[in-house]
Amino acid sequence: MRSALEQEFEKFFDDASPRLLSAAWLLTGEQHAAEDLVQEALARTYARWSRVRSGNPLAFARRVMANLHTDRWRKHRREVLTDDPPETSLVTDPQTVDLVRALRGLSPRERECVVLRHYLDLSEKQTAETLGIGVGSVKSYTMHGLRGLRAQLLEGEQTHV
């Protein structure tokens, strides 16, 4: 028989996983990397569950996920950009595929700010706290990221958007 904490985490896991996976996919642009990111974030959330369950566990999991993503791109400092969408995609909507392609063209920090601000609907302050940067930096990265998205989505190439 499972403890009440494990049952509570299981409910959180079932509720939060799809949203975290979608956000991770937008951050990474790759399904397998997104799955790994969410798995690691949820494992770390579970390890601290007794402390974070009374607060906002989704915010904690998002922050862990964003930090893990930042750690990965800092460690590797290299991204493999392709013109092709992932082989098996979480979303097959052509507009979403175009958006993910455009997000891949942004710097990792710009991508994080745009996804957190406009996909997860976090405020500038919440985004700054999640990423561990200042509010002014969030504004700047978001502005440059949106400018880059507009340029990529509106350039001469025919897209679905």
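Looking up the protein chain in an unreviewed UniProt entry gives the name RNA polymerase sigma factor, with the organism given as Ornithinimicrobium pekingense. Per its UniProt entry, the protein chain bears the Sequence similarities (unreviewed entry) comment "Belongs to the sigma-70 factor family. ECF subfamily."

> Explanation requested: the pattern of salt bridges in the structure shown.
Between side chains of opposite charge, a pair can form as their charged atoms come close. Per the counting criterion, the structure on display carries 4 salt bridges. A salt bridge links Glu8 to Arg53; the nearest nitrogen and oxygen atoms lie 3.0 Å apart. Here Arg53 lies in the loop between helix 3 (49-52) and helix 4 (57-76) and Glu8 lies in helix 1 (residues 4-28), a separation of 45 residues in the sequence. For the salt bridge of Asp15 with Lys11, the shortest nitrogen-to-oxygen distance reads 3.0 Å. With Asp15 and Lys11 both in helix 1, this residue pair falls 4 residues apart, about one helical turn. Accessibility expressed as a relative area gives 52% for Asp15, which makes it exposed.

> Explanation requested: the nonpolar core in the structure shown.
A general feature of soluble globular proteins is that nonpolar side chains tend to end up buried together. By size, the foremost hydrophobic cluster in this structure holds 34 residues, and its most contacted members are Phe12, Leu20, Met65 and Leu103. Secondary-structure elements contributing two or more residues to this core are helix 1, helix 2 (31-47), helix 3, helix 4, helix 5 (94-104), helix 6 (108-119) and helix 8 (135-154). By residue number, the principal contributor to this core is helix 1, which donates 9 residues. Ignoring anything within four residues of it in the chain, the contact list for Phe12 reads Ser17, Leu42, Thr45, Trp49, Pro57, Leu58 and Ala61.

> For this particular structure, what's the right way to read the packing of aromatic side chains?
Aromatic ring pairs are reported here in terms of the distance separating the ring centres and the angle at which the planes meet. According to the stated counting rule, one finds 5 aromatic pairs in the structure shown. Here the aromatic rings of Phe9 and Phe13 are separated by 6.4 Å at their centres, their planes lie at 50°, and the arrangement is tilted. A residue pair is termed a helical-turn pair when its members lie 3 or 4 positions apart in one helix, as Phe9 and Phe13 do in helix 1 at 4 residues. Under the relative-accessibility criterion, Phe13 is labelled partly exposed at 37%. The rings of Phe9, Phe12, Phe13, Tyr46 and Trp49 are connected pair by pair, giving a single aromatic cluster. Over the aromatic face of Tyr119 sits the side chain of Arg19, whose NZ or CZ is 5.4 Å from the ring centroid.

The rules behind each value
Residues numbered from 1 in each chain as written. Predicted model: local features only at pLDDT ≥ 70, side-chain atom pairs only at ≥ 80, totals over all residues. Heavy atoms only, no water. UniProt positions renumbered as here; feature names shortened; annotations may be inferred. Salt bridge = Lys/Arg side-chain N within 4 Å of Asp/Glu carboxyl O. Helix = DSSP H or I, 4+ residues; strand = E, 2+ residues; numbered from the N terminus. Buried < 20%, exposed > 50% of the residue type's maximum accessible area, 1.4 Å probe, protein only. Core = buried A, V, L, I, M, F, W, Y, C linked by side-chain atoms within 4.5 Å. Contact = heavy atoms within 4.5 Å. Phe/Tyr/Trp six-rings, centres within 6.5 Å; stacked < 30°, edge-to-face > 60°. Lys NZ or Arg CZ within 6 Å of the ring centre and 35° of its normal.

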